[in-house]
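Given next are the chains, with one letter for each unit.
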Amino acid sequence: MIRSMTGFGRGAAKGKYGTFKAEIRSVNHKFLELSVKMPETLSLFEDKAREVTAGSIKRGKAYLSVFHDDGVSSADKIVVDEKIARSYYQQLMGLKKKINAEGSIRLDQIIMLPGVIKYEHKEIAPAKLWPFVAEALAKALRDLNGFRDKEGRAILTDLKTRVKIMRAATAVIQERSKINVKAYRARLKTSIGELSKTETAGFDKGRLEQEVALYAKNSDIAEEITRISAHLDNLLDTLADDPEPGKKIDFIAQELNREINTVGSKASDFKIAQKVIQVKSEIDKLREQAKNIE
């Protein structure tokens, strides 16, 4: 199956430890390169997250972000220690009497003292959090790959269209190459006739046929056409069966380009040259699409 390297996925998991969210986006890259961003409380799961992600993404540059909301507001985490506050007050009142100090002891002064207001963070065993992280990550990866598969189907349709265009152009080149030899023979015969100012009976027919045979040999593109056809068959097989077709498609495109360049160098026909340019254009588009495929 053709799968694009570009996509975005999101997943979430909820439980008694809050809400866990995972977001992942991927772009084109020759190899797998993964960047992970997690809150400090979940950072010990980074290696596991990388392993899970690498099992689902074979190629591309991916950016994974994991978020955790434990469902407890900041206000709920603030605790006032009344015992410590009362102790401070009593100690300060006693000091005031001893030194005969003036003024009142205010609440805003007491709450600034160490230990009166605390921010409590409830510690949770990490092993209890991983299942939720894993669930959110799995959902994000399914969402991502659904996106990439959809785009991959569009790429597949486009590549098959390119193959049809190249096959049609190659068929015209093949047919035109046969006509081209006949046309060369006729032109050569006419030229010789004009130069010698004689009728066809005055021709050296043996020499004429030698020249035509030499031209036909030098312009023969049968082998190149056969190889182009084989490469196109191989391309379709790769699109249908190869689990990681991106790199192979690029190699096939290089081989196609080499063969069509040879055809262009051998042919002296304008219509063949037009079709060669058309095939080369389709190969360039093929190679560009290969960069988008995993």
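Caption draft 1: Seen up close, the overall build of the protein chain. A count of helices and strands for the protein chain gives eight helices and six strands. When the helices and strands of the protein chain are placed in sequence order, the string is β-β-β-α-β-β-α-α-β-α-α-α-α-α. Scored against the burial criterion, the 294 residues of the protein chain give a buried share of 34%. Summarising the internal contacts of the protein chain: among those between residues at least 6 apart in sequence, 80% fall at separations of at least 24. Summing over all exposed atoms, the protein chain offers an accessible surface of approximately 18,200 Å²; the carbon and sulfur share of this is 54%.

Caption draft 2: The arrangement of the sheet that holds strand 3 (residues 32-37) in detail. Pairing within the open sheet is mixed, and its four strands lie in the order 1-2-4-3. Two strands lie at the open edges of the sheet, namely strand 1 (7-15) and strand 3, each paired on one side alone. Between one strand and the next, the sheet's axes are offset by a mean angle of 15°, whatever the strand orientation. Taken together, the nine bridges between strand 2 (residues 18-27) and strand 4 (residues 60-69) define a ladder with antiparallel strand orientation. Each residue of the ladder has a partner; that of V27, found in strand 4, is K61. Packing of helix 1 (residues 46-54) onto the sheet brings it into contact with strand 2, strand 3 and strand 4, and relative to strand 3 it is tilted by some 140°.

Caption draft 3: Quick look at the pairing of strand 4. For strand 3 and strand 4, the ladder comprises six bridges, and the chain directions are parallel. Pairing of K37 across the sheet is with S65, part of strand 4. In this view, the connection linking strand 3 to its parallel neighbour strand 4 by way of helix 1 has left-handed handedness.

Caption draft 4: Local environment of unusual backbone geometry. The phi angle at N100 is positive, at roughly 55°, despite the residue not being glycine. Looking at where N100 falls in the secondary structure, it is placed in the loop between helix 2 (82-99) and helix 3 (107-110).

Caption draft 5: Geometry of the pattern of salt bridges. Under the definition given, this model contains 18 salt bridges. Residues R106 and D108 are paired through a salt bridge, measuring 3.2 Å at the closest nitrogen-oxygen approach. Exposure remark for R106: the relative accessible area of 42% places this residue in the partly exposed category. Its relative accessible area of 41% is what places D108 among the partly exposed residues. Note that E135 and K139 form a salt bridge whose closest N and O atoms lie 3.2 Å from each other. Residue E135 and its partner K139 are located together in helix 4 (residues 126-196), separated by four residues, close to a single helical turn. Relative accessible area serves as the criterion here: at 30%, K139 is assigned to the partly exposed category.

Caption draft 6: Highlighting a nonpolar patch on the surface. There is a patch of nonpolar side chains on the surface, built from I78, V80, L107, I111, M112 and I117 and spanning about 610 Å² of accessible area. Residue placement: I117 occurs in strand 6 (residues 117-119).

Caption draft 7: Spotlight on the packing of aromatic side chains. This structure, assessed with the given rule, holds three aromatic pairs. Residues F20 and F132 carry aromatic rings whose centres are separated by 5.5 Å and whose planes lie at 10° to one another, so their mutual orientation is stacked. Highlighted residues: F20 in strand 2 and F132 in helix 4, separated in sequence by 112 residues. For the pair formed by F20 and F132, the shared burial category is buried. Between F45 and W130 the ring centres are 5.4 Å apart and the planes differ by 45°, which places this aromatic pair in the tilted class. Here the residue F45 occupies a position in the loop between strand 3 and helix 1, and W130 occupies one in helix 4, the gap between them amounting to 85 residues. Of the residues examined, F45 reaches a relative accessible area of 5% and is grouped as buried. The ring centre of Y63 lies 4.3 Å from the NZ or CZ of R25, which sits over that ring.

Caption draft 8: Main features of helix 2. Between its first and last C-alpha, helix 2 extends 26 Å over 18 residues, near the 26 Å set by a 1.5 Å rise per residue. Looking at where helix 2 begins, the residue whose side-chain oxygen comes 3.2 Å from the main-chain nitrogen of K83 is D81. Trailing helix 2 by a residue or two, N100 shows a phi angle of about 55°, which is positive.

Caption draft 9: Structural view of the environment of S4. As for its position among the elements, S4 is in the segment before strand 1. You can call S4 buried: its relative accessible area is 0%. In sequence terms S4 and V27 are 23 residues apart; their C-alpha atoms lie 8.9 Å from each other. Apart from residues no more than four positions distant in its own chain, S4 is found in contact with R148, E151, G152, I155, N292 and E294. One polar contact links the side chain of S4 to the main-chain amide nitrogen of T6, over a distance of 3.0 Å.

The rules behind these values
Residues numbered from 1 in each chain as written. Predicted model: local features only at pLDDT ≥ 70, side-chain atom pairs only at ≥ 80, totals over all residues. Heavy atoms only, no water. Helix = DSSP H or I, 4+ residues; strand = E, 2+ residues; numbered from the N terminus. Buried < 20%, exposed > 50% of the residue type's maximum accessible area, 1.4 Å probe, protein only. Contact = heavy atoms within 4.5 Å. Areas by Shrake-Rupley, 256 points an atom, 1.4 Å probe, with all protein chains shown as cover. Pairing = 2+ DSSP bridges. Axes fitted to C-alpha atoms, helices over the stretch in contact; angles between N-to-C directions. Right-handed = clockwise from strand over helix to strand, strands pointing away. Salt bridge = Lys/Arg side-chain N within 4 Å of Asp/Glu carboxyl O. Patch = residues over 30% accessible without salt bridge, like charges linked within 9 Å, V, L, I, M, F, W, Y side chains within 5 Å. Phe/Tyr/Trp six-rings, centres within 6.5 Å; stacked < 30°, edge-to-face > 60°. Lys NZ or Arg CZ within 6 Å of the ring centre and 35° of its normal. Expected span 1.5 Å × (residues − 1). Polar contact = N/O pair within 3.5 Å; in protein donor to acceptor, adjacent residues only side chain to side chain.

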